[in-house]
Amino acid sequence: MSSIELIAANKSYGGWHKRYRHRSQVLGCDMVFAIYLPPQADQGKPLPVLYWLSGLTCNDENFMQKAGAQRLAAQLGLVIVAPDTSPRGEGVPDDPEAAWDFGLGAGFYVNATEQPWAQHYRMYDYVVSELPALVESHFPVSDRRSISGHSMGGHGALICALKNPGRYRSVSAFAPISNPLNCPWGHKALGNYLGADRALWKAWDACELIATAEERLPLLIDQGEDDSFLAEQLKPDALVQAAARVDHPLTLRHQPGYDHSYYFIASFIDDHLRHHAQALGLV
């Protein structure tokens, strides 16, 4: 297991928000992740972990600085881990036109198979396997895991849970990209990372995965009704319909007046933390 280097630490609600750098063998580059360790982490008992996946253009800092999750996490005894959204560094390819919706900051939580992306863009393996193994070897945490995310990260949370029965105790999402096979962001990301064969894209689309999911984890999704990306990019109704066809439990909460920002996430993050805490046996 690779070593980790502490690069920042901030006391928060009696616990610690810390940032670490490590060498990722999966991604072939150095990666940074953030972890919130509640005060209970000092007591020696392994704590459960919520993995948070952020959206396009974000990194490990957005959620930790803007969501306001530490207060309730400290009360619950819940560890939160926030990885970056893509590989980074010298030699890691980016969108040749420097677009914000592909390449650096936009790994889409898939395992790329096309060049020049395949060598580094394997965020799915990183999030599901490499990073949890690293966290569980270096911190006082258990193998009780939950997963959540926003937008592209909501897509990531859904596919990670649906593709890995038994790995997570719960899953939720804020404004997820629910049907990437049928939206512009998805066409660009999946087409570039996976190639032109749309049949291969289905393995990375929650609407497709839900039909054959071996585990029926209840899905909690919040969606702002004033989200400018709602109709063209996010398509939550497609996920609702896919879930209904196979009787997969799903709660979609439409939030009037809310947009796609962290103001929206901060407004409802406590509900999601309690959803995960219940599944993780903390309440």
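Read on for a plain summary of the structure. Every chain is numbered independently, its residues counted from 1 as its sequence is written. In keeping with the predicted nature of the model, local features appear solely for residues at pLDDT of at least 70, side-chain atom pairs appear and are counted solely at 80 or more, and the whole-chain, interface and lining totals rest on all residues. Each side-chain value is worked out from all heavy atoms of the structure, with water and hydrogens disregarded.

Quick look at empty space enclosed by the protein
- Here a cavity is any set of points on a 1 Å grid over the protein atoms alone where a 1.4 Å probe fits but cannot get out, and a pocket is any open set with protein on both sides within 12 Å along at least 5 of 7 lines; a residue lines the site when it has an atom within 4 Å of a point. Grid points are joined across faces, edges and corners, and a volume is the space filled by probe spheres set on the points. Taken as a whole and assessed by the stated rule, the structure comprises 1 cavity of 30 Å³ or more.
- There is about 50 Å³ of room inside the largest cavity.
- What lines the largest cavity is simply A161, L162, P165, V171, A213, E214, E215, L217, L219 and H248.
- Each residue gets one label: Ala, Val, Leu, Ile, Met, Phe, Trp, Tyr, Cys and Pro are nonpolar, Asp, Glu, Lys and Arg are charged, and the others, such as Gly, are polar. Residue composition of the lining of the largest cavity, grouped by class: 7 nonpolar, 1 polar and 2 charged.

Brief notes about the state of the cysteines
- Only a pair of cysteine sulfur atoms within 2.5 Å counts as a disulfide in this structure description. All told, the structure shown has 0 disulfides when counted by the stated rule.
- C29 forms no disulfide, and the closest cysteine sulfur to it belongs to C160, at a distance of 17 Å.

Topic: the pattern of salt bridges
- A pairing counts as a salt bridge when a side-chain nitrogen of Lys or Arg comes within 4 Å of a carboxyl oxygen of Asp or Glu. For the structure on display, the rule yields 12 salt bridges.
- K188 is the partner of D95 in a salt bridge, and the nearest nitrogen-oxygen pair spans 3.4 Å. On the criterion of sequence distance, the pair formed by D95 in the loop between β5 (79–83) and α3 (123–138) and K188 in helix α5 (residues 184–194) is long-range, its members being 93 residues apart.
- A salt bridge links D271 to R253; the shortest N-O distance between them is 2.8 Å. Linking D271 in helix α10 (residues 262–279) with R253 in strand β9 (residues 250–255), this pair joins segments that are 18 residues apart in sequence.
- Linked through salt bridges whose partners overlap, the residues forming this network are R19, D60 and E61. Put simply, DSSP marks the helices as runs of H or I at least four residues long and the strands as runs of E at least two long, and each gets a number from the N terminus on.

So, the pairing of strand β7 (residues 171–174)
- Buried means the residue's accessible area, taken with a 1.4 Å probe over protein chains only, is under 20% of the maximum for its type, while exposed means over 50%, and partly exposed covers the values in between. Here β7 shows no split at all, with V171 and A173 on one side and S172 and F174 on the other all buried.
- Taken together, the 4 bridges between β7 and strand β8 (residues 219–224) define a ladder with parallel strand orientation. Bridging across to β8, F174 finds its partner in D222. Pairing between strands is defined by DSSP: at least two bridges between the two strands are required.

Topic: the packing of aromatic side chains
- Here is the rule: rings of Phe, Tyr and Trp (six-membered ring for Trp) pair when centre to centre is within 6.5 Å. Planes less than 30 degrees apart are stacked, more than 60 are edge-to-face, and the remainder are tilted. Per the stated rule, a full pass over the model turns up 17 aromatic pairs.
- When the centroid spacing of 5.1 Å and the interplanar angle of 80° are considered together, the rings of Y124 and W204 count as edge-to-face. With Y124 in helix α3 and W204 in the loop between α6 (198–201) and α7 (206–209), this pair connects stretches of sequence that are 80 residues apart.
- Taking relative accessible area as the criterion, Y124 reaches 10% and is therefore assigned buried.

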